[in-house]
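# Observations on the three-dimensional arrangement
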Amino acid sequence: MEKIAVLIPCYNEELTIEKVIKDFKRELPHADIYVYDNNSKDATSDIAKKAGAIVKKENRQGKGNVVRTMFREIDADIYVMVDGDDTYPAEFVHQLIEPIKNDEADMVIGDRLSNGTYQQQIKKNFHEFGNNLVKKSINILFNNTLKDIMTGYRVFNKMFVKNMPVMSTNFELETEMTLFALDKKYRIKEIPIVFRERPEGSESKINTVSDGIKVIKTIIKMFKDHKPLKFFTIIFILLTILGLIVGIPVIVEFYQTGYITKMPSAILATGIITLAVISEQCGIILHTIVKQHKENYEINLLRYEQTEKLRNNGE
């Protein structure tokens, strides 16, 4: 039987954690349910222990830090990641696990957006705008058609979990996971799910503005890291246009009179064009490095798969 681990990162979820644990125990009676308490100031840990979960602590604040520790410490064949706020119904877990069991996907995403339930429950227009901005940016960047980039309800196989370096510290984690899967060509499948409103008295930990800014920074960083040639080519084009705007009057003046009187503009235009050229050179160099990194990652992934096969055969 495949070993299933349910991962629940928690911060102040005493109102909902018991129900989440019991729901997943009902749906997955043979699974190990892990609750990692991230410095909660309420009774989250005590309630989780009484409900039958394996409770551990993560002192470094932030969901990304919690999930990084979970991925390192927990050994399983299938990993279910879900929030502890009872917004993701446990009964959908079987549909999410199925593609992993059938080896059809490496990461399965619980899509909150396709059936409209997320839009009905979330009343923050800016929050929905941020979701759409992230989704469209990533789909354009990687030429994809994913519907929900930032959902917290996901299922992974062991290969994905043990080979993903979690770099985020907070709620940009889900965006990083999606970007990583797309960049490294992992198989992704989306399953539509229902999204529930938090119960009365339970408050979201997401700050629409600050966490939105973090996600946008993550997108820019990932764009630079994974598609450096495109990233620096855009900078090259923008700087070249700016340099021409500043420099064309100087060139026209020189063509008409044979003199240059706009010396500051000439110096500025030369500097901007120089920066543009340097930017494109950076893009070319980093593109070569990223390509080499991807090749090394594939080789290491192959070694990991071979090691796992040998270990499983030995058992």
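What you see is a predicted model; the values in this text were computed from it and never measured.

Calculation criteria
Residues numbered from 1 in each chain as written. Predicted model: local features only at pLDDT ≥ 70, side-chain atom pairs only at ≥ 80, totals over all residues. Heavy atoms only, no water. Helix = DSSP H or I, 4+ residues; strand = E, 2+ residues; numbered from the N terminus. Buried < 20%, exposed > 50% of the residue type's maximum accessible area, 1.4 Å probe, protein only. Contact = heavy atoms within 4.5 Å. Areas by Shrake-Rupley, 256 points an atom, 1.4 Å probe, with all protein chains shown as cover. Lys, Arg positive; Asp, Glu negative; His and termini not counted. Charge placed at Lys NZ, Arg CZ, Asp CG, Glu CD. Salt bridge = Lys/Arg side-chain N within 4 Å of Asp/Glu carboxyl O. Pairing = 2+ DSSP bridges. Axes fitted to C-alpha atoms, helices over the stretch in contact; angles between N-to-C directions. Phe/Tyr/Trp six-rings, centres within 6.5 Å; stacked < 30°, edge-to-face > 60°. Lys NZ or Arg CZ within 6 Å of the ring centre and 35° of its normal. Patch = residues over 30% accessible without salt bridge, like charges linked within 9 Å, V, L, I, M, F, W, Y side chains within 5 Å. Arc of directions from axis to C-beta. Core = buried A, V, L, I, M, F, W, Y, C linked by side-chain atoms within 4.5 Å. Right-handed = clockwise from strand over helix to strand, strands pointing away.

### Describing the overall build of the protein
Tallying secondary structure elements over the protein gives 11 helices and seven strands in all. When the backbone C-alpha atoms are referred to their principal axes, the protein occupies close to 85 × 50 × 35 Å. Here the protein, with 315 residues, has 48% of them falling under the buried criterion. Within the protein, counting contacts between residues at least 6 apart in sequence, those at least 24 apart form 76% of the total. Carbon and sulfur atoms provide 60% of the accessible area of the protein, an area that totals close to 16,600 Å². Averaged over its 43 positive side-chain charges, the protein has a centre that lies 3 Å from the centre of its 42 negative ones.

### Concerning unusual backbone geometry
Although it is not a glycine, Asp86 sits at a positive phi angle of roughly 65 degrees. Within the fold, Asp86 resides in the loop between strand 4 (78–81) and helix 4 (93–101). The phi dihedral of Lys185 is positive, around 60 degrees, even though this residue is not glycine. With respect to the helices and strands, the residue Lys185 is situated in the loop between helix 8 (173–183) and strand 7 (188–192).

### Quick notes on helix 8
Counting buried positions along helix 8 yields 11 of 11 residues, so the element is predominantly enclosed. Where helix 8 is concerned, the buried positions are Leu173, Glu174, Thr175, Glu176, Met177, Thr178, Leu179, Phe180, Ala181, Leu182 and Asp183.

### Quick look at the pattern of salt bridges
Applying the stated rule across the entire model yields 21 salt bridges. The partner of Glu27 in a salt bridge is Arg26, and the shortest N-O contact between them spans 3.2 Å. With a closest N to O distance of 3.6 Å, Lys189 and Glu104 form a salt bridge. Of this pair, Lys189 sits in strand 7 while Glu104 sits in the loop between helix 4 and strand 5 (107–111); the two residues are 85 residues apart in sequence, bridging distant segments of the chain. The class of Lys189 is partly exposed, set by a relative accessible area of 34%. Glu104 gets classed as partly exposed once you look at its relative accessible area, which sits at 42%. In this structure, a network of salt bridges that share partners links the residues Lys19, Asp23, Arg26, Glu27, Asp86 and Arg196.

### A look at the sheet that holds strand 4
The strand order 3-2-1-4-6-5-7 describes an open sheet built from seven strands, whose pairing is mixed. The open sheet terminates on both sides in strands that have one partner only, identified here as strand 3 (54–57) and strand 7. Across the sheet, the axes of successive neighbouring strands diverge by a mean angle of 20 degrees, strand direction being ignored. Its contacts with the sheet put helix 4 on strand 1 (4–10), strand 4, strand 5, strand 6 (154–157) and strand 7, and the angle it makes with strand 5 is roughly 155 degrees. Packed onto the sheet, helix 8 meets strand 4, strand 5, strand 6 and strand 7 and runs at close to 40 degrees relative to strand 6.

### Section: the packing of aromatic side chains
Applying the stated criterion to the full structure yields 11 aromatic pairs. Ring centres 5.3 Å apart and planes at 5 degrees place the aromatic pair Phe156 and Phe160 in the stacked group. Summarising the burial analysis for this pair, Phe156 and Phe160 share the class buried. One aromatic cluster is present, built from ring pairs that chain together Phe71, Phe156, Phe160, Phe180, Tyr186 and Tyr297. The ring of Tyr297 has Lys184 sitting right over it, with the charged end atom 5.3 Å from the ring centre.

### Some details on a nonpolar patch on the surface
A cluster of nonpolar side chains, namely Phe254, Ile260, Met263 and Ile267, defines an oily patch on the protein surface of about 390 Å² accessible area. Looking at the secondary structure, you find Met263 in helix 11 (residues 263–314).

### Quick word on helix 1 (residues 17–27)
For helix 1, the set of buried residues is Ile17, Val20, Ile21, Asp23, Phe24 and Glu27. The buried residues of helix 1 occupy one face: seen down the axis, they fall within an arc of 165 degrees. Buried-residue contacts for helix 1 involve strand 1, strand 2 (32–37), helix 2 (44–50), strand 4 and helix 4.

### Brief notes about the nonpolar core
With 33 residues, the main nonpolar core has Val6, Ile8, Ile21, Phe24, Val35, Val80 and Tyr153 as its most contacted residues. Where this core is concerned, the elements lending two or more residues are strand 1, helix 1, strand 2, strand 4 and helix 4. If sequence neighbours within four positions are ignored, Val80 has contacts with Ile4, Ala5, Val6, Leu7, Phe24, Val93, Ile97, Tyr153, Arg154 and Val155. Residues Tyr79, Leu173, Tyr186 and Tyr304 belong to the second largest nonpolar core, which totals 28 residues.

### A short note on the pairing of strand 1
As a general feature of sheets, a regular strand has side chains that alternate between the two faces. In terms of burial, strand 1 is a largely internal element, seven of the seven residues being buried. Relative to strand 4, strand 1 is paired through four bridges, and the arrangement is parallel. Across the sheet, the residue bridging to Ala5 is Tyr79, located in strand 4. Running through helix 1, the crossover from strand 1 to the neighbouring parallel element strand 2 is right-handed.

Bear in mind that shape data such as this cannot, by itself, settle questions of function.
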